[in-house]
Amino acid sequence: MFIDKEYIENTLKMAKEAKENDIENILDRAERLEGLTHREVATLLMTEDEKHLKRIYEIAGQIKDKIYGNRVVMFAPLYVSDYCVNKCKYCGYKCDNDFERRKLTMDEIRQEVAILEKMGHKRLALEAGEDPVSCDIDYIIDCIKTIYDMKLDNGEIRRVNVNIAATTVENYKKLNEVGIGTYILFQETYHQPTYEEVHMAGPKKNYEYHLTAFDRAIEAGIEDVGAGVLFGLYEPYFEVLGLMIHNEYLEKTYGFGFHTISVPRLRAAEGNDMSEYKYLVDDDVFKKLVAIIRLAVPYTGMIISTRETEEMRRELINMGISQISAGSTVEVGGYTAREQSKAQFQVTDNRPAMDIISWLMKDGLVPSFCTACYRQGRTGDRFMQLAKSGNIKNVCHPNALMTLCEYMMDFGDDEFKMQAERLIENEIPKIQNERIRNLVIENIDKIKSGERDLYI
Ligand code: SAM
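Residues numbered from 1 in each chain as written. Predicted model: local features only at pLDDT ≥ 70, side-chain atom pairs only at ≥ 80, totals over all residues. Heavy atoms only, no water.

Chemist: Looking at this structure, I do not really get the overall build of the protein. What am I missing?
Modeler: Secondary structure summary: the protein contains 19 helices and 13 strands in total. Relative to its length of 456 residues, the protein is compact, with a C-alpha radius of gyration of 21 Å against a globular reference of 23 Å. When its C-alpha atoms are laid out on the principal axes, the protein stretches across 60 × 55 × 40 Å. Residue burial in the protein is summarised as follows: out of 456 residues, 62% are buried. Contacts in the protein between residues far apart in sequence, at least 24 positions, make up 75% of those at least 6 positions apart. When the accessible surface of the protein is split by element, carbon and sulfur atoms take 47% of a total near 18100 Å². The positive charge centre, built from 59 side chains, and the negative charge centre, built from 76, are 3 Å apart in the protein. (Helix = DSSP H or I, 4+ residues; strand = E, 2+ residues; numbered from the N terminus. Rg over C-alpha atoms; globule rule 2.2 N^0.38 Å. Buried < 20%, exposed > 50% of the residue type's maximum accessible area, 1.4 Å probe, protein only. Contact = heavy atoms within 4.5 Å. Areas by Shrake-Rupley, 256 points an atom, 1.4 Å probe, with all protein chains shown as cover. Lys, Arg positive; Asp, Glu negative; His and termini not counted. Charge placed at Lys NZ, Arg CZ, Asp CG, Glu CD.)

Here is the structure:
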C-alpha cells in the first residue's frame, strides 16, 4: 500500500533535522513554481521559525497571484440524501443518530436546483450519505440527469461534482457516463488506526477500500479526482504528508494527481462531541498547512467551504484557496426549507451568495462561474499540462470575466451591476493576448445583449 504509517512518522521526525540552508533551498524551489516532494513538505511543516513561516506565506501569495490571479471559483453543495449505513463518529448523518431520514424526489431536486440557479450558481457539489439500498447509484445518476436538465430562465448547472462514498468501478463508470465534473472523496484521515476508530461500523470502515477509491474511479475513466482530509481527527502534519504521498502515487501511476484538494476542519454536529478530539487544528496551524499545500502543488485547485468564517476565508484566499462555496446549506432539502431537515454539520459563513460575491469584488477579486475546462475536455493530464505551461491563465481569466458578466446581467440589481461592470472594465486590459482580449470584449457585448454560455 502506498501509505505507510511508520514511513510518514519517520519522515516527519527526520525533517526536524533540516538545516537552515535546506529550508531556504526548498523555499527557492517553491518560489520557482516547481512544486515540492513530500519530504520537502515535511521539512516545511516541521519548521517553526518565524522567518521561514513569513516566507512560506509570501510565496503562497505569489503562487496564488501567478497561477490563479485574482479569480475565485464559486460553487454550492446540494445534499440529496441523508440515509446512511455508516457510523462515523464525527458525522451528523451517522446511522445511530435518530431523525427522520429523507432523500429528495426528482421534483424536490428541481425545486432545490431552481433556487441554486437563481443564486447564479453554475457548479454544484452533489453530496449524499452512503446507503446502497435507499440511495443507490441509479438514484444518484437520476439526480445528476435531473440537475443537468433543469434550466430556469438563464440559470443552468453546467458542472456537477460528486461527493459520494467510495464505490465500485462499475458504479464509477455510470458516474463517468453521465458526465460528472470532479469525483470528490475525502480520506478523512490517512492514519489507519484513527480511521478504524472513528469509522465505527459500516462499509466506510474499510480503510483500504476507501484509500483505493480514486484508483477505481480512474480505471472507470474519471480523470478529475478531488481529495481532502477532515482536519481534527488526527495529527495535521501527518495528514498533509498522507495527502502529498497519495498525490505523488496517482501522478506516478496515472500521470496526473488530484484536481482539487479540500481542507475541511472538523465542526460540531449532532452526536459529535468536540471535546473528545485532541488534534483539533487551531487557526495558525491551519493557515500554515494551507500555505504549504499551495507551495507543494501549485497547480491543484484548493477548496474551502462555509465551515470557515468570513475572516478566515478571506485570509486563505490570499494564501492560495481558489474555490469557495457560497449561500450553502448542508441539509437535504435545505434550500427549499431550511428548518425541515437535519444538518450534517454546522456551517459558519451563512451569508447569502450574492453578499459573498459582492464582498469578493469589493476586494478586487473576480468571482468566477466558469465550468469550461471539463466541457472542453481539459481534464486529467491535459488540464495539468495547460496549467503547468502557464497558459491556463489565458483561458481562466477571460472565462471568469465572461461568466461574471452573465451573472451580473441575470441576477444583479443596479448597484451590483455598477460594481461588477467597473471590475470587468478594470480587468479586461490585463488580458495580455490581444486576440483573446478582443474576443472577450466582443463576447461581453454579446452577453449584454442576451447570449449565454460563451467561453474559451
Ligand atoms: N458519504 C460520502 C462519504 O462517505 O465520503 C460523502 C461524505 S459527506 C456528504 C462530505 C464530507 O463531510 C465528509 O467526507 C466529511 O469529511 C465531512 N464531514 C462530516 N462530518 C463533518 C463534521 N462534523 N465537520 C466537518 N466536516 C464533516
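Alright, that's what it looks like, and here's the rest.
Chemist: Honestly, helix α4 (residues 50-68) in this entry has me stumped. Any pointers?
Modeler: Since the α-helix packs 3.6 residues into each turn, any two residues three or four apart lie on the same face. For α4, with 19 residues, the first-to-last C-alpha span of 26 Å sits near the 27 Å given by 1.5 Å per residue. Those residues of α4 lying buried are His 52, Leu 53, Arg 55, Ile 56, Ile 59, Ala 60, Gly 61, Ile 63, Lys 64, Ile 67 and Tyr 68. At the N-terminal boundary of α4, the capping side chain belongs to Asp 49, with an oxygen 2.8 Å from the backbone nitrogen of Lys 51. (Expected span 1.5 Å × (residues − 1). Polar contact = N/O pair within 3.5 Å; in protein donor to acceptor, adjacent residues only side chain to side chain.)

Chemist: Sorry, what's going on with the side chain of Asn 443 here?
Modeler: Take Asn 443: it is sitting in helix α19 (residues 434-448). Given a relative accessible area of 7%, Asn 443 falls into the buried group. Once residues lying within four places of it in the same chain are set aside, the contact partners of Asn 443 are Met 402 and Leu 454.

Chemist: What is the right way to read the layout of surface pockets from this model?
Modeler: Summary: where empty space remains is shown by rolling a probe the size of a single water molecule over the atoms. Volume-wise, the largest pocket comes out at about 300 Å³. Lining the largest pocket are 15 residues, with Lys 393, His 397, Lys 430, Ile 431 and Gln 432 positioned closest to its centre. For the lining of the largest pocket, the leading source of residues is helix α17 (residues 392-411), giving 4 residues. For the lining of the largest pocket, a count of residues per class yields 3 nonpolar, 7 polar and 5 charged. (1 Å grid on protein atoms, 1.4 Å probe; cavity = no way out; pocket = protein on both sides within 12 Å on 5 of 7 lines; lining within 4 Å. Points joined across faces, edges and corners; volume = space filled by probe spheres on them. Nonpolar A, V, L, I, M, F, W, Y, C, P; charged D, E, K, R; others polar.)

Chemist: What am I meant to see in the packing of aromatic side chains here?
Modeler: For any pair of aromatic rings, the description rests on two quantities: the centre-to-centre distance and the angle between the ring planes. Per the stated rule, a full pass over the model turns up 12 aromatic pairs. Each member of the aromatic cluster is reached from another via a ring pair, and the members are Tyr 172, Tyr 183, Phe 214 and Phe 258. Here Lys 103 stacks its cationic end above the ring of Tyr 139, 4.8 Å away from the centre of that ring. Above the ring of Phe 286, the side-chain terminus of Arg 265 is found at 4.1 Å from the ring centroid. (Phe/Tyr/Trp six-rings, centres within 6.5 Å; stacked < 30°, edge-to-face > 60°. Lys NZ or Arg CZ within 6 Å of the ring centre and 35° of its normal.)

Chemist: Please clarify how the site of the ligand should be interpreted in this entry.
Modeler: What surrounds the ligand is a group of 21 residues, the closest being Tyr 90, Ala 128, Glu 188, Lys 204 and Arg 267. Between an oxygen atom of the ligand and a side-chain N or O atom of Lys 204, the distance comes to 3.0 Å. Arg 307 is positioned with one of its side-chain polar atoms (N or O) 3.0 Å from a nitrogen atom of the ligand. Its residues assigned to classes, the shell around the ligand comprises 11 nonpolar, 4 polar and 6 charged. (Near = heavy atom within 4 Å.)

Chemist: Teacher, can you tell me more about the side chain of Glu 117 here?
Modeler: Inspection of the secondary structure assignment puts Glu 117 in helix α5 (residues 106-118). We note that Glu 117 is buried and unpaired, the nearest opposite charge coming from Lys 151 at a distance of 6.9 Å. Other than its neighbours up to four places away in sequence, Glu 117 contacts Met 150, Lys 151, Leu 152, Gly 155, Glu 156, Ile 157 and Phe 411. (Salt bridge = Lys/Arg side-chain N within 4 Å of Asp/Glu carboxyl O.)

Chemist: Would you mind showing me how to read the environment of Val 225 here?
Modeler: With respect to the element layout, Val 225 can be found in strand β9 (residues 225-228). The buried category is assigned to Val 225, whose relative accessible area is 0%. Contact partners of Val 225, with chain neighbours within four places excluded, come to Thr 182, Tyr 183, Phe 214, Ala 217, Ile 218, Leu 250, Gly 257, Phe 258, His 259 and Thr 260.

Chemist: Help me understand empty space enclosed by the protein in this model?
Modeler: Applying the stated criterion across every chain yields a total of 6 cavities of 30 Å³ or more. Roughly 390 Å³ of volume is contained in the second largest cavity. Surrounding the second largest cavity, 21 residues form its lining, Val 73, Arg 123, Gln 323, Phe 383 and Cys 396 being those nearest its centre. Contributions of two or more residues to the lining of the second largest cavity are made by α4, β1 (71-81), α15 (372-375), α16 (380-388) and α17. The residue makeup of the lining of the second largest cavity, split by class, is 11 nonpolar, 7 polar and 3 charged.

Chemist: Hey, could you run me through unusual backbone geometry in this one?
Modeler: Working note: non-glycine residues mostly have negative phi, and peptide bonds are mostly trans. The phi torsion at Asp 153 lies on the positive side, around 50°, for a residue other than glycine. Following the sequence through the fold, Asp 153 ends up in the loop between β4 (151-152) and β5 (155-156). Exposure remark for Asp 153: the relative accessible area of 77% places this residue in the exposed category. With a phi angle near 70°, Glu 188 is a residue other than glycine that sits in the positive phi range.

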